Amino acid sequence: MNTLWALYVKEWKDARYVFAFLMLAIVGLEGYGWLYFEPDFAKVGLSAILSYVPFILGGAACFIAPPFLLARAFSSEWKSDTHYQLFSLPVAKFVPSLAKYLVALSNGLLMFFVAAAIMFSVGVEHGVKDGAPRVAYDDVWYVLVLGFTVYLILILGFVTAMEGVKFAVKRLRRLAAVGFWLVSMFAYFWFYGAVVNSLGFLGAVQIWSVMDGQMVMAVGNIAWASFLYPAIAGVLLLGVGLALFEKHVEI
Amino acid sequence: MMVHIQDMWKRYPGTWALRGISLDVEKGRVLGVLGENGSGKSTMLRILAGVTHPTKGTVLLNGQEVGVETKKWVAYLPEVNPFYDWMRVMEQVEFLSVFYPEWDMNKARQMIDFMGLDGDKKVGALSRGQKGRLKVACAFSWPSELVLMDEPLAGIDPPSRKKILEALFHEYRFGEQTIMMSTHMVHEVGEFIEDVIFVKEGEIALSGNADALREERDQSLSEMFEVVAM
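About the cut-offs
- Residues numbered from 1 in each chain as written.
- Chains lettered and ligands numbered in written order.
- Predicted model: local features only at pLDDT ≥ 70, side-chain atom pairs only at ≥ 80, totals over all residues.
- Heavy atoms only, no water.
- Helix = DSSP H or I, 4+ residues; strand = E, 2+ residues; numbered from the N terminus.
- Buried < 20%, exposed > 50% of the residue type's maximum accessible area, 1.4 Å probe, protein only.
- Contact = heavy atoms within 4.5 Å.
- Areas by Shrake-Rupley, 256 points an atom, 1.4 Å probe, with all protein chains shown as cover.
- Rg over C-alpha atoms; globule rule 2.2 N^0.38 Å.
- Phe/Tyr/Trp six-rings, centres within 6.5 Å; stacked < 30°, edge-to-face > 60°.
- Lys NZ or Arg CZ within 6 Å of the ring centre and 35° of its normal.
- Salt bridge = Lys/Arg side-chain N within 4 Å of Asp/Glu carboxyl O.
- Nonpolar A, V, L, I, M, F, W, Y, C, P; charged D, E, K, R; others polar.
- Core = buried A, V, L, I, M, F, W, Y, C linked by side-chain atoms within 4.5 Å.
- Domains from an automatic or database assignment.
- Polar contact = N/O pair within 3.5 Å; in protein donor to acceptor, adjacent residues only side chain to side chain.
- Patch = residues over 30% accessible without salt bridge, like charges linked within 9 Å, V, L, I, M, F, W, Y side chains within 5 Å.
- Pairing = 2+ DSSP bridges.
- Axes fitted to C-alpha atoms, helices over the stretch in contact; angles between N-to-C directions.
- Buried area = accessible area lost by both parts, 1.4 Å probe.

A.B. asks: How should I be thinking about the overall build of chain A in this particular structure?
C.D. replies: Scanning chain A from terminus to terminus reveals nine helices and four strands. A total of 251 residues make up chain A; the buried ones form 45% of that total. A separation of at least 24 residues holds for 75% of the contacts in chain A among residues at least 6 apart in sequence. Only carbon and sulfur atoms are counted for the fraction: they give 74% of the accessible area of chain A, which is about 12,500 Å².

Right, here's the structure in full:
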């Protein structure tokens, strides 16, 4: 555990400047949006729509950046020859890769929490309550956090597995990684319906619209299984990636 | 026996790097692994360090298969600079210390001082020679049982090489550490080597006790290198 923590801290430090830049970008974008947000569509038309753009961009950064951070963490080791040091450490070879995964996950979640907190404060500041989605009597945030977390587990699982494939094969590395990604994406969606249906007994979370403090209309259902399936798939993909690093990746 | 290698082969795409190497190294010996670039000596050390797998063959260190357990008492200096440019020298040393229970921080500081390195300097700001010194310092900062040094003098200026080797072998070496050192700078390491193997095209072309070979062939190691390994 001590060694995993040391590797985790090392990865954090390694990514700190890129992470800080991304955080600044997200805070800057959403802070700008916070200042100029205009909730009333009827009054100002296009400018109201445009006032959502910073939030969309900030949110998109939270989705897009973590997988690239993880891919960068792997490739920079190979580019700078530091993988010699990692592989000669007296830990299982999958442990440094697990540390990279956990740091990318932490980075993504932190970015998302900051972005979500700013968006939430915009809602409070501008009194955007009517028409805002609710889950029972709660705000919808925890469903969004759950959704983002399972997305992150899945997408980072894909990246770890792809990197495992890339460094396990001796030739045509990038092609092999992209090929693996295509096949695993196909498999993921192929099994999606069957698995989510078979887990239907878990029920669904119902999203309501609220007017004048009262829930007036169910606007959507999200099956709990649709959160569980990507999380399971992400963990499986992570397992594939770590197993490849343990057994087949070498210098 | 510290190192036992039996019929070890290693294949990379399109080529065999090692072709049926067999070798035994006794505890406490200093073995020179001599050969030209591309002869397979780095691959051999990488396999012993556990960063590369042999394609076939048996490799035992102190009777154990190479793995996490052996890495706990094997110090490996690769031929490249394996350190993080963004870390400070002492930060890198402290990072490594977490993984080796017997790491000796006092010894590490001593080694850093002896090598003339500034502990607060970023690794990325060090010259190639200074990075080479840092590798050596890290390898001798803890009482490993086996030290694998792959071209340890690369990048270090010629006047310092002898001084460093003398200090390593006579002052900083922990007890009966077994040392395997690959190099093609034969004339500089010759006096420190007890046993030697000459590697050519993935095979051991000549091996034995260095003094016995010198006597038997009436040649220096450098001369043998030119005849056998080139």
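Read on, since the account is not over.
A.B. asks: What is the right way to read the overall build of chain B from this model?
C.D. replies: Per the secondary structure count, chain B includes nine helices and ten strands. Relative to the compact-globule value of 17 Å for 230 residues, chain B shows a C-alpha radius of gyration of 17 Å, a close match. Here the C-alpha coordinates of chain B stretch approximately 45 × 35 × 35 Å along the principal axes. Each of the 230 residues in chain B was classed as buried or not, and the buried ones make up 56%.

A.B. asks: Where do I start with the packing of aromatic side chains in this structure?
C.D. replies: The geometry of two aromatic rings is summed up by the distance between their centres and the angle between their planes. All names here are of chain A. Overall, the coordinates contain 26 aromatic pairs over all chains when judged by the stated rule. Pairing Trp12 with Phe19 gives two aromatic rings, centres 5.0 Å apart and planes at 85°, and the pair type is edge-to-face. Taking relative accessible area as the criterion, Phe19 reaches 10% and is therefore assigned buried. These aromatic residues form a ring-pair network of at least three members: Phe63, Phe112, Phe113, Phe148 and Tyr151. Cation over ring: Lys93 sits above Phe87, and NZ or CZ is 5.3 Å from the ring centre. Its end group placed over the ring of Phe74, Lys100 keeps NZ or CZ at 5.8 Å from the ring centre.

A.B. asks: Teacher, can you tell me more about the interface of chain B and chain A here?
C.D. replies: Quoted interface sizes are often the accessible area lost when the parts come together. With 28 residues of chain B at the interface, the matching set in chain A holds 28 residues. Where chain B touches chain A, the interface holds two salt bridges. Broken down by secondary-structure element, the contributors of at least two residues to the side of chain B that touches chain A are strand S1 (3–12), helix H2 (68–71) and helix H3 (89–97) of chain B. It is H3(B) that provides the largest number of residues to the side of chain B that touches chain A, a total of four residues. Here the side of chain B that touches chain A is composed, by residue class, of 17 nonpolar, six polar and five charged.

A.B. asks: Mind showing me how you'd approach the nonpolar core here?
C.D. replies: Note on soluble globular proteins: their nonpolar side chains tend to be buried together. Of all hydrophobic cores here, the largest spans 128 residues; its most connected members are Met44(B), Leu134(B), Met180(B) and Phe198(B). Top element by residues in this core is helix H6 (residues 94–125) of chain A. It accounts for eleven residues. Summarising the domain contributions, this core has at least three residues from each of domain 1 (1–125) and domain 2 (129–251) of chain A. If sequence neighbours within four positions are ignored, Phe198(B) has contacts with Leu34(B), Glu203(B), Ile204(B), Ala205(B), Leu206(B), Leu221(B), Met224(B), Phe225(B), Val228(B) and Ala229(B). Among the nonpolar cores identified, the runner-up in size contains ten residues, and Tyr188(A), Val196(A), Ala225(A) and Tyr229(A) belong to it.

A.B. asks: Before we go on, may I ask you to explain helix H8 (residues 210–217) of chain B in this structure?
C.D. replies: Residues that lie three or four places apart on an α-helix share one face, since the helix turns once every 3.6 residues. A distance of 3.0 Å separates the backbone nitrogen of Asp211(B) from a side-chain oxygen at the start of H8(B), and that oxygen is part of Asn209(B). Asp218(B) sits one or two positions beyond H8(B) and adopts a positive phi of about 55°.

A.B. asks: Is there a simple way to think about a nonpolar patch on the surface in this case?
C.D. replies: Residue and element names in this part refer to chain A. Residues Tyr142, Leu146, Phe201, Leu202, Trp224, Leu228, Ile232 and Leu236 make up a contiguous nonpolar surface patch of roughly 760 Å² in combined accessible area. Those elements that place two or more of their residues in the nonpolar patch are helix H7 (141–168) and helix H9 (225–247). Top element by residues in the nonpolar patch is H9. It accounts for three residues. When you line up the elements, Phe201 lands in the loop between helix H8 (173–198) and strand S3 (204–211). Judged by relative accessible area, Phe201 falls into the exposed class, the value being 66%.

A.B. asks: Help me understand the sheet that holds strand S3 (residues 30–35) of chain B, please; the structure alone is not making it clear to me.
C.D. replies: Residue and element names in this part refer to chain B. Ordered in space as S6-S7-S8-S3-S9-S10, the six strands form an open sheet in which the pairing is mixed. Strands at the two margins of the open sheet, each flanked by one partner only, are strand S6 (74–77) and strand S10 (203–209). Averaged over all neighbouring strand pairs, the angle between strand axes comes to 15°, with direction disregarded. As judged from the six bridges shared by strand S9 (residues 195–200) and S10, these two strands associate in the antiparallel manner. Bridging across to S10, Asp195 finds its partner in Asn209.

A.B. asks: What's the story with the sheet that holds strand S2 (residues 15–25) of chain B in this structure? I'm lost.
C.D. replies: Paired through backbone hydrogen bonds, the strands of a sheet run either parallel or antiparallel to each other. Residues and elements named next belong to chain B. Taken in spatial order, the four strands of this open sheet run S2-S1-S4-S5, and their pairing is antiparallel. Two strands lie at the open edges of the sheet, namely S2 and strand S5 (64–65), each paired on one side alone. As defined by bridge partners, strand S4 (residues 56–61) adjoins S5 across two bridges and the pair is classed as antiparallel. Along S5, the bridge assignment pairs Leu60 with Glu65.

A.B. asks: Sorry, what's going on with the domain arrangement of chain A here?
C.D. replies: Residue and element names in this part refer to chain A. According to the domain assignment, chain A contains domain 1 (1–125) and domain 2 (129–251). Taken residue by residue, the interface counts 26 residues in domain 1 and 23 residues in domain 2. When domain 1 packs against domain 2, the two sides together hide about 2,500 Å² of surface, and 80% of this comes from carbon and sulfur. Inspection of the region where domain 1 meets domain 2 yields zero salt bridges. Looking at the side of domain 1 that touches domain 2, the elements with two or more residues in it are helix H4 (53–79), helix H5 (83–88) and H6. Tallying contributions element by element places H6 first for the side of domain 1 that touches domain 2, with 13 residues. Of the residues belonging to the side of domain 1 that touches domain 2, the class tally is 22 nonpolar, three polar and one charged.

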